[in-house]
Amino acid sequence: MAVNEKVLEELLNRYPAKVKRNRKKHIIIKDAALARQEIEANTRTIPGIITNRGCAFAGCKGVVLGPLKDVVHIVHGPIGCAYYTWGTRRNKAKSEDPTKNFINYCVSTDMQESDIVFGGEKKLARMIDEVMEIFKPNCITISATCPVGLIGDDLQAVAKAAQEKHGVPILAFNCEGYKGVSQSAGHHIANNGLMEGIIGQGDWEEAPGKYPINILGEYNIGGDSWEVERILKEIGYTVIAVMTGDGSYEELKNAHVAELNLVQCHRSINYIAEMLEIKYGTPWLKVNFIGIQATIDSLRNMALYFGDPALIQKTEEVIARELARVEPIIEQYKKICQGKTAFCFVGGSRGHHYQGLFAELGIETVLAGYEFAHRDDYEGRAVIPEIKPDADTKNIPDLHVTPDERRFRLKLSPERMEELKKKIPLSDYKGMNIEMKDGSVIVDDLNHFETEEFIRLLKPDIFSSGIKDKYVVQKMGIPSKQLHSYDYSGPYAGFNGAVKFAEDITMAFVSPTWNFITPPWKNKPLLEGIVAEGGCSEC
Amino acid sequence: MLDCTPKEIKERTGGVINPAKTCQPIGAMYAALGIHRCLPHSHGSQGCCSYHRMHLTRHFRDPIMASTSSFTEGASVFGGGANLKTAIKNVFAIYNPDIMAVHTTCLSETIGDDLPTIIRTAEIPEGKLVIHTNTPSYQGSHVTGFSNMTKSMVNYLSEATLESKKEQVNIIPGFVNPGDMREIKRIVNTMGIKFIMFPDTSGVVDSPMTGEYVMYPRGGTRLADLKDTGNSKVTIALGSYASADAAGQLERKCGVPAVILKTPIGIKATDQLLMALRSQFAVEIPYELEEERGQLVDIMTDTHFHFHGKKVAIFGDPDIVLAMTEFVLSLGMQPIHVLTGTPATGGAIGTMVGNFEVEVQELLQEAGITGKVKAGGDLFELHQWIKNEKVDLLIGNTYGKYIARAEDLPFVRMGFPILDRSIHSYLPVVGYKGAMRLLEMISNALLERADRDARDEDFELVM
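What you are looking at is a predicted structure, and each value in this text was computed from that prediction instead of being measured.

Conventions adopted
- Residues numbered from 1 in each chain as written.
- Chains lettered and ligands numbered in written order.
- Predicted model: local features only at pLDDT ≥ 70, side-chain atom pairs only at ≥ 80, totals over all residues.
- Heavy atoms only, no water.
- Helix = DSSP H or I, 4+ residues; strand = E, 2+ residues; numbered from the N terminus.
- Rg over C-alpha atoms; globule rule 2.2 N^0.38 Å.
- Lys, Arg positive; Asp, Glu negative; His and termini not counted.
- Charge placed at Lys NZ, Arg CZ, Asp CG, Glu CD.
- Contact = heavy atoms within 4.5 Å.
- Buried area = accessible area lost by both parts, 1.4 Å probe.
- Salt bridge = Lys/Arg side-chain N within 4 Å of Asp/Glu carboxyl O.
- Polar contact = N/O pair within 3.5 Å; in protein donor to acceptor, adjacent residues only side chain to side chain.
- Nonpolar A, V, L, I, M, F, W, Y, C, P; charged D, E, K, R; others polar.
- Pairing = 2+ DSSP bridges.
- Buried < 20%, exposed > 50% of the residue type's maximum accessible area, 1.4 Å probe, protein only.
- Right-handed = clockwise from strand over helix to strand, strands pointing away.
- Patch = residues over 30% accessible without salt bridge, like charges linked within 9 Å, V, L, I, M, F, W, Y side chains within 5 Å.
- Areas by Shrake-Rupley, 256 points an atom, 1.4 Å probe, with all protein chains shown as cover.
- Phe/Tyr/Trp six-rings, centres within 6.5 Å; stacked < 30°, edge-to-face > 60°.
- Domains from an automatic or database assignment.
- Expected span 1.5 Å × (residues − 1).
- Axes fitted to C-alpha atoms, helices over the stretch in contact; angles between N-to-C directions.
- Parallel < 35°, antiparallel > 145°, perpendicular 65-115°, else oblique.
- Left-handed = near helix turned anticlockwise from the far one by under 90°.

A.B. asks: Would you explain the overall build of chain B in this entry?
C.D. replies: Check the secondary structure of chain B and you find 18 helices and 14 strands. Over its C-alpha trace chain B gives a radius of gyration of 22 Å, about what one expects of a compact globule, namely 23 Å for 463 residues. Its C-alpha atoms give chain B principal-axis dimensions of about 75 × 55 × 45 Å. Mean positive and mean negative side-chain charge positions of chain B (44 and 53 charges, respectively) differ by 4 Å.

A.B. asks: Would you take a moment to explain the interface of chain B and chain A for this structure?
C.D. replies: It is common to give the size of an interface as the accessible area that goes away when the parts come together. Of the residues lining the interface, 73 residues belong to chain B; the matching set on chain A comes to 73 residues. Here chain B meets chain A over a buried area of about 6,500 Å², counting both sides, of which 64% is carbon and sulfur. Seen at the junction of chain B and chain A, the total is three salt bridges. For B:Lys21, the salt bridge is made with A:Asp110, and the minimal N-O distance between the two is 3.0 Å. One can count 29 residue pairs in polar contact (both at pLDDT 80 or more) joining chain B with chain A. Per element, the largest residue contribution to the side of chain B that touches chain A is 10 residues, and it comes from helix H2 (residues 46-60) of chain B. Partitioned by chemical class, the residues of the side of chain B that touches chain A number 34 nonpolar, 29 polar and 10 charged. With two bridges joining them, strand S3 (residues 107-108) of chain A and strand S1 (residues 16-17) of chain B adopt antiparallel strand pairing.

A.B. asks: What exactly am I supposed to notice about the pairing of strand S8 (residues 260-263) of chain A here?
C.D. replies: As a general feature of sheets, a regular strand has side chains that alternate between the two faces. Residues and elements named next belong to chain A. The alternating pattern of S8 places Leu-260 and Leu-262 on one face and Asn-261 and Val-263 on the opposite face, and all of these are buried. Two strands pair when backbone bridges link them, and strand S6 (residues 212-218) and S8 are joined in this way by four bridges, in the parallel orientation. The residue bridging Asn-214 from the neighbouring strand is Asn-261, located in S8. Across three bridges, the pairing between S8 and strand S9 (residues 284-286) is parallel. From the neighbouring strand, Leu-262 faces S9, where its bridge partner is Leu-285. Handedness of the crossover joining S8 and S9 through helix H12 (residues 266-280): right-handed.

A.B. asks: Looking at this model, I keep getting lost on a positive patch on the surface. Mind explaining?
C.D. replies: On the surface, A:Lys18, A:Arg21, A:Lys25 and B:Lys89 cluster together into a positively charged patch. Within the secondary structure layout, A:Lys25 lies in the loop between helix H2 (17-24) and strand S1 (27-29). When its relative accessible area of 45% is taken as the criterion, A:Lys25 is described as partly exposed.

A.B. asks: Is there a simple way to explain the packing of aromatic side chains in this structure?
C.D. replies: To describe a pair of aromatic rings, one takes the distance between the centres and the angle between the planes. With the rule as written, the count across this model stands at 26 aromatic pairs over all chains. Taken together, a centroid distance of 4.4 Å and an interplanar angle of 25° make the contact between A:Trp86 and B:Tyr399 stacked. With A:Trp86 in the loop between helix H4 (79-84) and S3 and B:Tyr399 in the loop between strand S13 (393-396) and helix H17 (401-407), the pair connects residues from two separate chains. As far as the burial class goes, A:Trp86 and B:Tyr399 line up, both buried. Taken together, the ring pairs connect A:Tyr83, A:Tyr84, A:Trp86, B:Tyr51 and B:Tyr399 into an aromatic cluster.

A.B. asks: What exactly am I supposed to notice about the domain arrangement of chain B here?
C.D. replies: Residue and element names in this part refer to chain B. What the domain assignment reports for chain B is domain 1 (24-157), domain 2 (166-281) and domain 3 (287-458). Taking only C-alpha atoms, the centre of domain 2 and the centre of domain 3 are 24 Å apart. Listed as interface residues are 33 residues of domain 2 and, on the opposing side, 41 residues of domain 3. Of the roughly 3,100 Å² buried between domain 2 and domain 3 on both sides combined, carbon and sulfur atoms contribute 63%. It is Tyr-241, Ile-265 and Ile-267 that lose the most area in domain 2 upon contact with domain 3, and together they represent 28% of the buried surface on that side. Viewed at the interface, domain 3 and domain 2 are joined by five salt bridges. The residue Lys-262 makes a salt bridge to Glu-326 at a minimum N-O spacing of 3.0 Å.

A.B. asks: Looking at this model, I keep getting lost on helix H10 (residues 240-254) of chain B. Mind explaining?
C.D. replies: Turn by turn, an α-helix covers 3.6 residues, leaving residues three or four places apart pointing in a common direction. Residues and elements named next belong to chain B. Taking 1.5 Å of rise per residue, 15 residues should cover 21 Å, and H10 covers 20 Å from first to last C-alpha, within 8% of that figure. For H10, a buried count of 12 out of 15 residues is recorded, marking the element as mostly surrounded by other parts of the structure. Ser-240, Tyr-241, Ala-242, Ser-243, Ala-244, Asp-245, Ala-246, Ala-247, Gly-248, Gln-249, Leu-250 and Cys-254 are the residues of H10 that are buried. At its buried positions, H10 is contacted by helix H7 (142-157), strand S6 (166-172), strand S8 (232-238), strand S9 (258-261), helix H14 (318-330) and helix H15 (356-366). Phi turns positive one or two residues past the end of H10, at Gly-255, with a value near 70°.

A.B. asks: So what exactly am I meant to see when it comes to unusual backbone geometry here?
C.D. replies: The phi angle of most residues is negative, glycine excepted, and most peptide bonds adopt the trans form. Note the cis peptide between A:Met243 and A:Thr244, where omega equals -5°. Turning to its location among the elements, A:Thr244 is positioned in strand S7 (residues 238-244). The linkage connecting B:Phe416 with the following residue, B:Pro417, adopts the cis geometry, with an omega of -5°. Mapped onto the elements, B:Pro417 comes out in the loop between strand S14 (411-413) and helix H18 (431-453).

A.B. asks: Hey, could you run me through the packing of helix H1 (residues 24-32) of chain B against H7(B) in this one?
C.D. replies: In a pair of packed helices, the angle between the axes and the distance between the axes together describe the arrangement. Residue and element names in this part refer to chain B. Where H1 contacts H7, the two axes come as close as 6 Å, and the packing angle between them is 45°. In terms of orientation, H1 and H7 fall into the oblique class. The handedness of the crossing between H1 and H7 comes out as right-handed. Residue-level contacts link Gln-24, Ile-26, Gly-27, Ala-28, Tyr-30, Ala-31 and Ala-32 of H1 to His-142, Thr-144, Gly-145, Phe-146, Asn-148, Met-149, Thr-150 and Met-153 of H7. When the residues that make up the contact of H1 with H7 are grouped by side-chain class, the tally is eight nonpolar, seven polar and no charged.

A.B. asks: What should I look at first to understand the sheet that holds strand S5 (residues 129-133) of chain B in this one?
C.D. replies: Adjacent strands of a sheet form backbone hydrogen bonds with each other and so pair up, either parallel or antiparallel. Residues and elements named next belong to chain B. Here four strands make up an open sheet; going across it, the order is S3-S2-S4-S5 and the pairing parallel. Looking at the sheet topology across the chains shown, the edges are occupied by strand S3 (67-68) and S5. Direction of pairing for strand S4 (residues 99-104) relative to S5: parallel, over a ladder of five bridges. Its bridge partner lying in S5, His-103 is registered against Thr-133.

Structural data, given as structure tokens:
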């Protein structure tokens, strides 16, 4: 059955009045006939609601900083926060020099009660000294956890003193978990820090190759970035830096030489994209390398941006060859997936990115949403001026950059920029909602209660989300696909990723294991026989 | 792999690198899941609750439900009272548990939220309960958090209502898997002794697939039983770090004597559990259990040449590691590196924990083995120990796989968490049956390695 306003109202009526008033604003039923459909996002989760959301620390250290492989990431706080962000996110990294790859290390000041009482600054300074002695990294980050902000440890001062002592950049991030309303606050804090402390610190003045680009908001989950880079390098692009999957301090510091910034995950990295444009005059292009058509569109848009006929031709050659290779394989999987429906509730960008790939397999997304997105991720960047900052967002400082006197250079003439903007999403993102079908449901910060209720109403064939709700949904007999960790598979990006995804999704549908849920005795009476009246007539 | 870890060991005082412990709240959350129809609640930032649910879900591959107070900066400044009261109201209205078990976080502990007062002044529906425990993340470890929540169950719920005690035993299983809890219950059942196990996560985090999601599955200790623990004749606490505190509190509050034993991993610790039950309840050990023991000894003697004399490194939670060390010693193996991340004192001052380093060293001395033993250590140091003195086998949780790969060691996964293998939580490592399973795991790991490394001419059919 479809969800209409009446059904939605009935669902919401089961909430206490205050909760209902709040949640109502976070749920819309897509109706393209309406001039606009506003959704509330990036506001507080109500206490007691079982949410999928995490905290600012998770967004900062866990998402944006953690993947930088040649940086030692120190977590200043009690042990848990470092422990849970150790190897759990599948941001793969390899290094030419394994003694400069710290991805498998977890470093925590492991604050004890006495540190909370007397302050943890000295212990942090000792940890920095020890890290320098043992690992000799070229860069260190320090991420704050909740109690650090409360007891008033001055992270910035400790970092500054240590930087002077050791002569390498030591960046401190005040990403205490209580800041903001979700991971999103942490992305912003990390973006500011990387922009201020690393990007542009390198001494390159020009790129070492043709068509130099950065890939922003690509975290190399399951090797996604490697598949994207495979394609881009073959076409002829020079990838300067990936932010931050398989990324490094060494690459990041020279990111200013790129001629174009690609933005994969808009939510987590749009701040850097914008700042790079202001500071260096480099526009950004919203790309999506999830799904075959989305990958093709992204490649064509990139080629159009550079406008070089040879590049455009090479792009088409690679597209044609890859398509010929993967399409017949996808067709086989499509036979099984065709006509099925999905829920797609992921992160701050993937809820959108995966819908096209599902559609290519013949699967319609009937409900989608984000855990920690802002209104612009749903409605497009045009709404940004309308978003009123509240107390929670005001706590996250905006970093104001100005054009770099030496390095600012318009990469395109204003006329060419305007012309291109009409054709490709240049320094713009239209959001998820525009691509969703009428009647589909869009939910912000979907919670446990709503997950159960919407599944009951819409009976999707597959649910895609994260680890916390995966097994809830599978208990209902519905396969659930983690789109944060890819269930330890991947890559899912690019052409090879689409094939892998198709294979995995098909496997979820055809696995014979689902056939055993009902025991045979449930549908069969204990005693069988015919009750004959008046004796047996056949005797 | 782990190419940045040097062989030379230097003293470090700045914290830990590659921890062998995590923070208290996750243990409290796990313990609370062991009460029937209970929703654990994390009083702090959303991130804590999210991390704990994620990690428990990865280990158990089953739904782990818990709610959070969703602190913002405002709550951190003005106190989380309003958040908790709103949460209590919403949880009962929307998710309808019988009981909410609240634990704190380093955030709410640092600002000093007074949970008893907040709970006392909260709107709690008739017939519903809210209990709490303090789990500051900057003390002890996840094991301490488990212990604290279990102790709070006693504080809030246990009552001595009868003149004389009942012929029943309280069993506190410690921070073990539901498969272990089921096995301990089977053993006590086989002996014909009435018991109350708490917390009991079996039937909660190993619930069956039925095609229907149930928020509160069949398992978990019933509230009536938790109350009745005050009437039991004796409490057997398995594992001093995870269980002794609750048992001690039950003794003080309700006059139920506490017997503190090792987690029953291996033959000796299982013997001790059976002997304790036998003497407390004057029942003979049934043949079924004697037969299992005999089978175990049969296997141990028959295959002793697979493992005798092998050097082992063991790490993990203190109760598990202590018992495991004793078991490998009874196999003739040499545990030369033994480490736990949990600090020696466990938790807050005055809590009833053992002394990990002393207890393990006593075991080693008795066997005439010299080894390194450390509480409050980390895996960076364990790796350095191994670099300096090689072992034949590594035993520990999933995080050990990096060391095993770096040093090319056979690796047996046990303890919490195991994130890269499945099914472990359903099958026991406790009791005689559990010891057989462990022995199979150890033997297989060593023999697989022997097969892998054998030259063709030395590759054996029968081993």
